[in-house]
Amino acid sequence: MAEKPTHDFFELTVEPIDVGAVARRVVLPECGATVTLDGYAREWTKGKRTLHLVYEAYPAMALREMQRLGQEIHDRFEIAYVGIVHRTGRLEIGETSVVIAVGAPHRRAAFEACEWAIRELKRTVPIWKKEVFEDGEAWVEGTAETLQE
Amino acid sequence: MAEKPTHDFFELTVEPIDVGAVARRVVLPECGATVTLDGYAREWTKGKRTLHLVYEAYPAMALREMQRLGQEIHDRFEIAYVGIVHRTGRLEIGETSVVIAVGAPHRRAAFEACEWAIRELKRTVPIWKKEVFEDGEAWVEGTAETLQE
Amino acid sequence: MSQELEAQEEEVDETGKVTVRVLFFGAARDAVGEAEILVSFRKHTKAASAFKQLRVTYPALNGFGRSLLFAVNEEYAKPEREVFEGDELAVFPSVSGGVA
Amino acid sequence: MSQELEAQEEEVDETGKVTVRVLFFGAARDAVGEAEILVSFRKHTKAASAFKQLRVTYPALNGFGRSLLFAVNEEYAKPEREVFEGDELAVFPSVSGGVA
């Protein structure tokens, strides 16, 4: 665990997420770039229409896993900070479900770390997505089949 | 050149850039992710302090090169749109110099295309940066040594 | 086995038992029909055994196969971890938050 | 050669000449001391030759070596492209916009 002060932030919210506010929350003097992933509810997937989505979290564990992810990301990449805000509850089409912002002195590390963070988030952070269609609803299956071996 | 309608946008501005407004300007129903690069003026580079920066463009050609970049990006990556806004004039430390937003059905393409776009922008789009220090100022050298061969 | 587990639930105060909360999330909660239950296990029960017993009690959980995940006290559970009185267990399908 | 070019500048209306604008940007503008000039070249001059003549007129441009770039009418210039009356040429160092 890093002993130095951290600018990382990890949050769950039921309110709409302001992408710009997340992207610009941390701007450090040694940094030159922030890479932001804005994930949102897609209306059309393989020709099927989604009306809205519901995200459910195991909140305490989700925050712990995000913090663990945050510690690992600093070990792996030369970044200054990572911030993750994930929304839960009902989301309309086009609304942001998750924002991951990564600030770094150089953009290469920020791109790599941001992409790693969303992959790791989808693998380990306990949040589930339910898609609501015109003719029913379905939980979306994750793919973390060997996480616990 | 693509005949289909485009959601791309390419702009130069002397006004401060609102990162969130650029990131969320285009949200398409077939998309699930927007990756945004927010580049800003770094205060400390290799132990030397920058007081502020000045960006100068060859405006008409910069916009043409951005549009060319936009056409090429659609050929290379499965993305829905790319938007680039670059600021010119005097920038204070921490202020955004460029935002590149790329929306795609799947995040992988958005990450790849956004990183490609900033690399290509720095190679071909005629915009120059001057750093102003306590004891002088200097144009920053680009690295596009073989662009014209 | 289901009855055995239910029997344990009625003996929470007996020596030799530990009582824990078990949370179900997402499709696992829908399958089980409960969001949270209290369950007792023999003392020194390992996490792997505890979750195996839950699968027996709630056969609907077997539909998830290897994509079912287990946590103890908000961390993914190592199989050999012992379950203690007051622990918070959780059972859920592989996660699917985030984006496309 | 410098004088030859200047001589051309005074003969803009002669047959056999084309007159173009030349823009300088960034460090190239600082080196040359001009943002924009009018220059005449012989008809059928190629872009490569035109920019070589500019380097002769403004030796300060040689300090940029191979990092100097050339455009004709807002596009990077192919060496064999012919320069026509009214074209807009531009000379500038390799670009450095964007970010770290």
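So, here's what we can say about the structure. (Residues numbered from 1 in each chain as written. Chains lettered and ligands numbered in written order. Predicted model: local features only at pLDDT ≥ 70, side-chain atom pairs only at ≥ 80, totals over all residues. Heavy atoms only, no water.)

Moving on, we get to the overall build of chain A. Looking only at helices and strands, chain A has three helices and nine strands in total. Helices and strands in chain A line up, N terminus first, as β-α-β-β-β-α-β-β-β-α-β-β. For chain A, the C-alpha radius of gyration of 16 Å lies close to 15 Å, the compact-globule estimate for 149 residues. On the principal axes, the C-alpha backbone points of chain A span a range of 50 × 35 × 25 Å. The burial tally for chain A puts 58% of its 149 residues in the buried class. In chain A, the share of contacts with a sequence separation of at least 24, taken over all contacts with a separation of at least 6, comes to 74%. As displayed, chain A offers around 6600 Å² of accessible surface, 49% of which is attributable to carbon and sulfur atoms. (Helix = DSSP H or I, 4+ residues; strand = E, 2+ residues; numbered from the N terminus. Rg over C-alpha atoms; globule rule 2.2 N^0.38 Å. Buried < 20%, exposed > 50% of the residue type's maximum accessible area, 1.4 Å probe, protein only. Contact = heavy atoms within 4.5 Å. Areas by Shrake-Rupley, 256 points an atom, 1.4 Å probe, with all protein chains shown as cover.)

Accessible area lost upon the coming together of the parts serves often as the stated size of an interface. The interface is formed by 36 residues belonging to chain B together with 36 residues belonging to chain A. Taking both sides of the interface into account, the surface hidden between chain B and chain A amounts to around 2900 Å²; carbon and sulfur atoms contribute 54%. In this structure, the connection of chain B to chain A is made through four salt bridges. Residue A:Asp38 pairs with B:Arg24 through a salt bridge whose shortest N-O separation is 2.7 Å. (Buried area = accessible area lost by both parts, 1.4 Å probe. Salt bridge = Lys/Arg side-chain N within 4 Å of Asp/Glu carboxyl O.)

Below, the discussion takes up the relation of the copies chain B and chain A. Each copy of the sequence occupies a distinct position, and chain B is placed on chain A by a rotation of 180 degrees and an axial shift of 0.0 Å, giving an RMSD of 0.0 Å. Taken together, the rotation and translation relating the two chain copies correspond to the operation of a two-fold axis. Minimal C-alpha separation from the rotation axis in chain B is found for B:Gly20, amounting to 1.7 Å. In this assembly the copies share their binding face: 100% of the residues contributing to the interface of chain B also contribute to that of chain A. (Least-squares fit on C-alpha atoms with pLDDT ≥ 70 in both.)

Moving on to the pairing of strand E1 (residues 17-24) of chain D. All names here are of chain D. Of all eight residues in E1, seven are buried, a share of seventy percent or more. The sheet contact formed by E1 and strand E2 (residues 36-42) spans seven bridges and is antiparallel. Residue pairing for E2: Lys17 is matched across the bridge by Arg42. (Pairing = 2+ DSSP bridges.)

A separate point is unusual backbone geometry. One non-glycine residue, D:Asn73, lies in positive phi territory at about 50 degrees. With relative accessibility at 27%, the residue D:Asn73 sits in the partly exposed group.

To continue, consider the sheet that holds E1(D). Residues and elements named next belong to chain D. The strand order across the open sheet built from five strands is E2-E1-E5-E3-E4, with neighbouring strands paired in mixed fashion. Edge positions in the sheet fall to E2 and strand E4 (75-76), since each has one partner strand and no second. Packed onto the sheet, helix H3 (residues 47-57) meets E1, E2, strand E3 (68-72) and strand E5 (88-93) and runs at close to 130 degrees relative to E3. (Axes fitted to C-alpha atoms, helices over the stretch in contact; angles between N-to-C directions.)

A:Ile100 and B:Ile100 are the most contacted members of the largest nonpolar core, which has 66 residues in total. With near-sequence residues (within four places) excluded, A:Ile100 lies in contact with A:Val35, A:Thr36, A:Leu37, A:Val82, A:Gly83, A:Ile84, A:Cys114, A:Ala117, A:Ile118 and A:Leu121. (Core = buried A, V, L, I, M, F, W, Y, C linked by side-chain atoms within 4.5 Å.)

Residues and elements named next belong to chain B. Contact pair helix H2 (residues 59-76) / helix H3 (residues 107-124): the axes reach a minimum separation of 10 Å and the direction vectors enclose 145 degrees. Remark: the crossing between H2 and H3 carries right-handed chirality. Contacts between H2 and H3 involve Glu65, Arg68, Leu69, Glu72, Ile73 and Arg76 on the former and, on the latter, Ala113, Trp116, Ala117, Glu120, Leu121 and Thr124. (Left-handed = near helix turned anticlockwise from the far one by under 90°.)

Counting residues at the interface gives 28 residues for chain D and 36 residues for chain B. Buried area between chain D and chain B, both sides added, is near 2600 Å², and the carbon and sulfur share of it is 53%. Across the contact surface, chain D and chain B share three salt bridges. Taking the shortest distance from any N to any O, the salt bridge between D:Arg29 and B:Glu56 comes out at 2.6 Å. At the surface where chain D touches chain B, the tally comes to ten residue pairs in polar contact (both at pLDDT 80 or more). Counting residues per element, the ones that place at least two in the side of chain D that touches chain B are helix H2 (26-32), E3, E4 and E5 of chain D. (Polar contact = N/O pair within 3.5 Å; in protein donor to acceptor, adjacent residues only side chain to side chain.)

Here the focus is the pairing of strand E4 (residues 48-57) of chain B. All names here are of chain B. As judged from the two bridges shared by strand E3 (residues 44-45) and E4, these two strands associate in the antiparallel manner. Within E4, the position partnered with Thr45 by the bridge is Lys48. The sheet contact formed by E4 and strand E8 (residues 127-133) spans seven bridges and is antiparallel. The partner of Glu56 across the bridge, within E8, is Trp128.

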